[in-house]
Amino acid sequence: MPEFDWRSPDSYKSLQNADITDIAWECLRRNADYRRDYEAMIANSPDGEATPEFRRRWGICFRS
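Residues numbered from 1 in each chain as written. Predicted model: local features only at pLDDT ≥ 70, side-chain atom pairs only at ≥ 80, totals over all residues. Heavy atoms only, no water.

1. Looking at the confidence of the model for the protein chain
A low pLDDT score tells you not to read the predicted coordinates there in detail. With 89% of its residues at a pLDDT of at least 70, the protein chain reaches an overall mean of 83. Across the protein chain, helix α2 (residues 32–44) holds the top mean pLDDT of 93, while helix α1 (residues 20–29) sits lowest at 86. (pLDDT = per-residue confidence, 0-100. Helix = DSSP H or I, 4+ residues; strand = E, 2+ residues; numbered from the N terminus.)

2. Here we look at the packing of aromatic side chains
This model, assessed by the stated rule, comprises five aromatic pairs. Where tyrosine 34 meets tryptophan 58, the ring centres are 5.4 Å apart and the plane angle is 90 degrees; that geometry is what we call edge-to-face. Placement of the pair is tyrosine 34 in helix α2 and tryptophan 58 in helix α3 (residues 52–58), with a sequence separation of 24 residues. Side by side, tyrosine 34 and tryptophan 58 carry an identical accessibility label, which is buried. Aromatic side chains tyrosine 38 and phenylalanine 54 sit 6.2 Å apart centroid to centroid with 55 degrees between the ring planes, which places their arrangement in the tilted category. In this pair, tyrosine 38 is assigned in helix α2 and phenylalanine 54 in helix α3, connecting sequence segments 16 residues apart. A residue is classified by how much of its surface remains accessible, and tyrosine 38, at 34% relative accessible area, is partly exposed. Here the aromatic residues Trp25, Tyr34, Tyr38, Phe54 and Trp58 are joined through ring pairs into a cluster of three or more. (Phe/Tyr/Trp six-rings, centres within 6.5 Å; stacked < 30°, edge-to-face > 60°. Buried < 20%, exposed > 50% of the residue type's maximum accessible area, 1.4 Å probe, protein only.)

3. A short note on the nonpolar core
Listed in full, the seven residues of the largest apolar core are Leu28, Tyr34, Met41, Ala50, Phe54, Trp58 and Ile60. Breaking this core down by element, the ones donating at least two residues are α2 and α3. Leave out the neighbours within four places in its chain, and phenylalanine 54 touches Tyr34, Asp37, Tyr38, Met41 and Ile60. (Core = buried A, V, L, I, M, F, W, Y, C linked by side-chain atoms within 4.5 Å. Contact = heavy atoms within 4.5 Å.)

Structural data, given as structure tokens:
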């Protein structure tokens, strides 16, 4: 795994062109509670779709 220096401005250059959904996803995917809930939901979902409860809890919406 590459080392990340949170104090270095160079470490954040990739975020300069990120939109808000990219940043939100980065925060969410690092959340241990989210990852645990996601794994449990997928294990119990026959079609692999996010349940309404999961979406509400994590503030996730999908636009078509």
